[in-house]
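Analysis of the macromolecular model
Here is how the chains run, residue by residue.
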Amino acid sequence: MTTKTPSSEHPKKHFWNKKQKEMTVDDITVIDNDMLKRAVGAAALGNAMEWFDFGVYSYLAVIIGKVFFPDANNAVQLIATFGTFAAAFLVRPIGGLVFGPLGDRIGRQKVLAMTMVMMSIGTFCIGLIPAYSSIGIMAPVLLLVARLVQGFSTGGEYGGAATFIAEYSTDKRRGFMGSFLEFGTIGGYLLGASLVTAMTMIMSNEAMLAWGWRVPFFIAAPLGLFGLYVRLKLEETPAFQQHMEKQEALEQSKPRLTLLQMLSKYRAPMMKCIGLVLLFNVSNYMLTSYMPSYLTGVLGMNEMSGLLLVMVAMFVMMPLTLLWGRWTDRIGRRPVIGFGAVGLILLSIPCFMLLGSGNMWAVFAGLLVLGVLHTCFSGTMPSTLPALFTTDIRYSALAIGFNLSVSLFGGTTPLITAWLVDTTHNLMMPAYYMMGAGVIGLITILTVHETARQPLKGSSPAVATRAEAQKLIDKLRMRNSKSKPIPVPSE
């Protein structure tokens, strides 16, 4: 008979409860390596699909403003375009409220297939909307509707994808495997940005305004179908299967928590999730969504030069994200996230001074430093955030906490910073905004327990081979042979 482990307890303590039965090799999860690779690829592909759209939208922001808000001046067009972009984030918590509990009830794999379909439809429909010159006010209204569909679907995407990879990974490599999720993010963004940049170089401004801007959105359909096919071929995560088997063995389901009950019972980990996501996504959206427009629309840099510089910086970020993921399995999540947060506090102003210098090499240096600091978060968050919650509520809690923070602080970053710069005429406002995020993130990470190389809360240890499982049992038995048995963890 197993006892309940408090959700706030550090994972390492799962092994030392006297009332639990002794663990055997059969109680340890052995992860199939081929299935792990497929799971990581399928989860990363969905995130890449989401950020392909973000890359396209960000790099087409000026053109979209002219197509859907032609009567406004350039500054207002940019703010209106990013306002429509930010509106999608307002419904993301609603998507999290729907898809999160659904993922904890029917499984991660099924829900991730649903979100893939909805994301593809929303992106594809943007390319079909007539311009303002054709249907008037209905054009921006339909753009807003399409963005709301995207926002609703992505409300269940990141939390589910991060949960899926975390639950499929071994304890020793969860950081590295999770970093592929953000590798897909940057890759999808770069694909969208590269496509727009190539079309801008090849096509005239008139052609881009007339029909060229639609082409990248149409590509969402085949990408979505491929992603759906890959996700439908996957099995459910081992951790979720174990959870459901325990529920069946008890012959009754664990009572479902209401939203208020969840927020009350898991207040501490939820607040930590919100603080970490704020740090992660302010940095993310500042660099990916706002920076191209900041360089060209605010600083007056040549449009093509600004686009290419951001893209090159992101190419450098891709391998760094994986390196941080690998290193975090060795040195821990907290030191890496703390280093990035301190970096934002100390270096944001110097970086934006370099951006405003007008010198191409100085601008690139500023972008590169911001990019390197961001990879401290992109390489660690996919493994850090799921570890805050137990298996039975992991998808729900992560989807709600993540999307609430993104909606309030992340997705609104381009809109708020564009408004602040336009209102105050202070080009350092984005730097101050990032410094504030760094302070909040640093305070938050100091309250988080280290979870590197530890089992997820409520789950058995996960290893790569049966021999490794036996080695773990022997090690724990030797360490605890004098006083305590090795228990089977429970939720």
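The structure reproduced in this document is the subject of the present report. (Residues numbered from 1 in each chain as written. Predicted model: local features only at pLDDT ≥ 70, side-chain atom pairs only at ≥ 80, totals over all residues. Heavy atoms only, no water.)

Re the state of the cysteines
What counts, and what does not: Criterion for a disulfide: a pair of cysteine sulfur atoms at a distance within 2.5 Å.
Counted according to the given criterion, the structure contains zero disulfides. Looking at Cys376, it has no disulfide partner, and the nearest cysteine sulfur is the one in Cys351, 12 Å off.

Notes on the nonpolar core
Condition: The set of buried Ala, Val, Leu, Ile, Met, Phe, Trp, Tyr and Cys residues whose side-chain atoms join them within 4.5 Å is what this entry labels a nonpolar core. Three labels apply to residues, based on accessible area from a 1.4 Å probe with only protein chains included: buried if under 20% of the type maximum, exposed if over 50%, partly exposed otherwise in between. Helical segments are the DSSP runs of H or I of at least four residues, strand segments are the runs of E of at least two, and each set is numbered from the N terminus. Note on contacts: a residue pair is in contact if any heavy atoms of the two residues lie within 4.5 Å.
Among the nonpolar cores identified, the biggest contains 117 residues, and Phe352, Leu367 and Leu385 are the most heavily contacted of them. Ranked by the residues each element gives to this core, the list is headed by helix H15 (residues 267-298), at 14 residues. The contacts of Leu385, once residues within four sequence positions are left out, are Tyr158, Cys273, Leu276, Val277, Leu398 and Phe402.

Section: the packing of aromatic side chains
Where we set the bar: Between 30 and 60 degrees the pair is tilted, below 30 it is stacked and above 60 it is edge-to-face, where a pair is any two Phe, Tyr or Trp rings, Trp via its six-membered ring, whose centres lie within 6.5 Å.
Applying the stated criterion across every chain yields a total of 15 aromatic pairs. Pairing Trp51 with Tyr189 gives two aromatic rings, centres 6.3 Å apart and planes at 50°, and the pair type is tilted. Residue Trp51 is found in helix H1 (residues 33-59), and its partner Tyr189 is found in helix H9 (residues 174-202); the two are separated by 138 residues along the sequence. Of the two residues, Trp51 and Tyr189, both sit in the buried class. Measuring from ring centre to ring centre gives 5.5 Å for Tyr290 and Tyr294, while their planes differ by 40°; the resulting arrangement is tilted. In this pair, Tyr290 and Tyr294 both sit in helix H15, four residues apart, roughly one turn of the helix. Just as Tyr290 is buried, Tyr294 falls in that class too. Ring pairing ties together the aromatic residues Trp51, Tyr189 and Tyr285, which thus form one cluster.

A short note on the environment of Leu446
Mapped onto the secondary structure, Leu446 falls in the loop between helix H22 (429-445) and strand E2 (462-463). Residues Leu446 and Met381 lie 65 residues apart in sequence; the distance between their C-alpha atoms is 15 Å.

Quick word on H15
Side chains that are three or four residues apart share a direction in an α-helix, a result of its 3.6 residues per turn. Selection rule: Multiplying 1.5 Å by the helix residue count minus one yields the expected span of that helix. The seven residues ending at a residue and the seven starting there each receive a fitted axis; the angle between those axes is the bend at that residue.
Between its first and last C-alpha atoms H15 spans 40 Å; for 32 residues at 1.5 Å apiece the expected length is 46 Å, and the helix comes up short by more than 12%. Of all the bends in H15, the greatest reaches close to 60° and is centred on Tyr290; the proline Pro292 follows between one and four positions later. A positive backbone phi angle near 75° is found at Gly300, which sits one or two residues after H15.

Regarding a positive patch on the surface
We count it as follows: Patch membership requires more than 30% relative accessible area and the absence of a salt bridge. Residues of like charge join within 9 Å; the nonpolar side chains Val, Leu, Ile, Met, Phe, Trp and Tyr join within 5 Å. Method for areas: the Shrake-Rupley scheme with a 1.4 Å probe, in which residue coverage is limited to the protein chains shown. Every case where a carboxyl oxygen of Asp or Glu lies within 4 Å of a side-chain nitrogen of Lys or Arg is listed as a salt bridge. Positive: Lys, Arg. Negative: Asp, Glu. His and the chain ends are not part of the count. The atom standing in for a charge is NZ when the residue is Lys, CZ when it is Arg, CG when it is Asp and CD when it is Glu.
Residues Lys37, Arg173, Arg326 and Arg330 make up a contiguous surface patch of positive charge. In this fold, Arg326 is placed in helix H16 (residues 303-331).

Describing the side chain of Asp171
Quick reminder of the rule: Counted as a polar contact is a pair of N or O atoms within 3.5 Å, where, for protein atoms, one must be capable of donating a hydrogen and the other of accepting one, and residues adjacent in sequence contribute only when both atoms are in side chains.
Mapped onto the fold, Asp171 is located in the loop between helix H8 (157-168) and H9. Residue classification places Asp171 among the buried positions, given a relative accessible area of 6%. Within the structure, Asp171 has its side chain in polar contact with the side chain of Arg174 (distance 2.9 Å). A polar contact of 2.9 Å, which involves the side chain of Asp171, links it to the backbone nitrogen of Ala462. When neighbours within four sequence positions are excluded, Asp171 is seen to be in contact with Arg453, Gln454, Pro455, Leu456, Pro461 and Ala462.

Focus: the pattern of salt bridges
For the structure shown, the criterion picks out eight salt bridges. Note that Glu157 is salt-bridged to Arg231, the shortest N-O span being 2.6 Å. Highlighted residues: Glu157 in helix H8 and Arg231 in helix H12 (residues 220-232), separated in sequence by 74 residues. With respect to class, Glu157 is no different from Arg231; both count as buried. With a closest N to O distance of 3.5 Å, Lys172 and Glu468 form a salt bridge.

Concerning H12
Put simply, the rule reads: Within this analysis, the arc is defined by the directions that extend from the helix axis to the C-beta atoms.
Counted at 1.5 Å a residue, the expected span for H12 with its 13 residues is 18 Å, and the 18 Å between its end C-alpha atoms agrees. Turning to H12, its buried residues are Ala220, Gly224, Gly227, Leu228 and Arg231. For H12, the buried positions fall inside an angular range of 105° around the axis, keeping them on one side. Turned more than 90 degrees away from the buried face of H12 sit Pro222, Leu225 and Tyr229, all of them exposed. Those residues of H12 hidden inside the fold are in contact with H1, helix H5 (108-126), H8 and helix H11 (215-218).

A closer look at a nonpolar patch on the surface
A contiguous nonpolar surface patch, about 530 Å² in accessible area, is contributed by Ile135, Ile137, Met138, Val141, Leu142, Val145 and Val149. No other element matches helix H7 (residues 138-154), which puts five residues into the nonpolar patch. Secondary-structure assignment places Met138 in helix H7.

Examining the side chain of Thr237
Counting through the fold element by element, Thr237 comes out in the loop between H12 and helix H13 (238-249). We classify Thr237 as buried; its relative accessible area is 0%. For Thr237, the side chain forms a polar contact with the main-chain nitrogen of Phe240, separated by 3.2 Å. Every residue in contact with Thr237, bar those within four places of it in the chain, is listed here: Arg108, Phe164, Glu167 and Tyr168.

All we've got here are geometric facts, nothing functional implied.
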